[in-house]
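Fold and geometry: a report
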Amino acid sequence: MTDPPFALGGRRVWVAGHRGMVGSALVRRLAVEPCTVLTVERRDLDLTRRAAVEAWMAATRPDVVILAAARVGGIVANDAAPVDFLRDNLLIETNVLGAAHAVGVAKLLFLGSSCIYPRDAAQPMAEDALLTGPLEATNQWYAVAKIAGIKLAQAYRRQHGRDFISAMPTNLYGPGDNLDLTTCHVVPALLRKAHEAKVRGAPTVTVWGSGRPRREFLHVDDCADALVHLLVRYSGEAHVNVGCGEDLTVAELARLVCDVVGFRGELAFDTTRPDGTPRKLLDVGRLAALGWRPRIALRDGLAATYRSFLEQGNMSCPSSRLSC
Ligand code: GFB
């Protein structure tokens, strides 16, 4: 815990990955802080190239870095592209943390994911469950890269005295998410499938797996708020879980999504698709002790996300346009 809190006033804060769901939520959240938000387009800076990251950082000299850039994807994308999920994430984090150290940033926040914990970790998963057992096979590549990132941030603290911290968000959802059904996460997938089934008048929506796995979902705007809270109020070697502390089954989520979308048909479970981790619920005691609580209830967050997908026009609409 920092005492006094780390003041954002007058700081130049680089949100790396500002086009992503988390990065864009951070840009929205930081707009109300007295800081300057820095961003750079992917075409102008490839974070997997060390020399380019070092040169950009030396020229731009941010005071604060939030590393929200990562190769991310749903359960099948993780399983299908192990090199991309392991290699790209290792490169991005070693390059950005190394360059942040080289220019002497005042603070850096590294983001991981709840999939860093062992597949069969006791629930809810406290921060000290890290590295106590084998990982879930479908996302072990991404998890290993993110665990390396946590350790790298800790190593910079120990060896060089840098104020680098790490946060581990649970499964996130919200505006700006990926809607490609082959690579996306479960919430955008179900919103899209339920919407398309409603529009087509289809009798069923297909849900991957058995429907029995349990997941915790946090709206990305709540996540961004928690991350800014940690940036200002936390300084320590241990990573901090970011979640809401409640979970539900995938089948329950699917029913809730159908209700929000207004699809009245049935669910069909495709058990040829993987279930992944049986349960992923974070122990959010450490974050709560730092004074943060979520505000957005799941149903409200899903309804707002559905509206944002329709407004952005990125939901395919076979029979008519956005009025469907
Ligand atoms: O969101 P999701 O892909 O991520 O899947 P994970 C969560 C659960 O929803 C799994 C089920 O049990 C899926 O089988 N599911 C049901 C679906 N229908 C669908 C669907 O249409 N699409 C998808 N994608 N899932 C990821 C990790 O794990 O979570 C990443 O692979 C990362 O590394 C991310 O940690 C947050 O929770 O299984």
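Below is a summary of the structure that appears in this document. (Residues numbered from 1 in each chain as written. Predicted model: local features only at pLDDT ≥ 70, side-chain atom pairs only at ≥ 80, totals over all residues. Heavy atoms only, no water.)

Description of the nonpolar core
Soluble, globular proteins show a tendency: their nonpolar side chains are buried together. Counting residues in hydrophobic clusters, the biggest one holds 35 residues, and the most contacted among them are W14 and L47. Broken down by secondary-structure element, the contributors of at least two residues to this core are strand 1 (12-16), helix 2 (50-60), strand 3 (64-67), helix 4 (82-103), strand 4 (107-111), helix 5 (140-160) and strand 5 (164-169). In terms of residue count, helix 4 provides more of this core than any other element does, six residues in total. Those residues in contact with L47 that lie beyond four places of it in its chain are W14, A16, V53, A69, L91, I92, N95 and V96. Of all hydrophobic cores here, the second largest spans 34 residues; its members include A25, L30, L109 and L287. (Core = buried A, V, L, I, M, F, W, Y, C linked by side-chain atoms within 4.5 Å. Buried < 20%, exposed > 50% of the residue type's maximum accessible area, 1.4 Å probe, protein only. Helix = DSSP H or I, 4+ residues; strand = E, 2+ residues; numbered from the N terminus. Contact = heavy atoms within 4.5 Å.)

Here we look at empty space enclosed by the protein
In this structure the tally under the stated criterion is one cavity of 30 Å³ or more. There is about 40 Å³ of room inside the largest cavity. S114, C115, Y117, P118, R119, M125, E136, N139, T277 and K280 are the residues that line the largest cavity. A breakdown of the residues in the lining of the largest cavity according to their chemical character gives four nonpolar, three polar and three charged. (1 Å grid on protein atoms, 1.4 Å probe; cavity = no way out; pocket = protein on both sides within 12 Å on 5 of 7 lines; lining within 4 Å. Points joined across faces, edges and corners; volume = space filled by probe spheres on them. Nonpolar A, V, L, I, M, F, W, Y, C, P; charged D, E, K, R; others polar.)

Quick word on helix 1 (residues 21-30)
Of all the 10 residues making up helix 1, seven are buried; the element is thus mostly covered by neighbouring parts of the structure. The complete set of buried residues in helix 1 reads M21, V22, G23, S24, A25, L26 and L30. Among the structural elements, strand 1, strand 2 (36-38), strand 3, strand 4, strand 6 (171-173) and helix 7 (220-233) are those in contact with the buried residues of helix 1.

Things to note about the packing of helix 6 (residues 186-200) against helix 8 (residues 250-261)
To describe two helices that pack against each other, one gives the angle between their axes and the distance between the axes. For the pair helix 6 and helix 8, the least separation of the axes is 9 Å and the interaxial angle reads 45°. Here helix 6 lies oblique to helix 8, going by the angle between them. In terms of crossing hand, the pair formed by helix 6 and helix 8 is right-handed. Residue-level contacts link V186, V187, L190, L191, A194, H195 and K198 of helix 6 to V250, L253, A254, V257, C258 and V261 of helix 8. Residue composition of the contact of helix 6 with helix 8, by class: 11 nonpolar, one polar and one charged. (Axes fitted to C-alpha atoms, helices over the stretch in contact; angles between N-to-C directions. Parallel < 35°, antiparallel > 145°, perpendicular 65-115°, else oblique. Left-handed = near helix turned anticlockwise from the far one by under 90°.)

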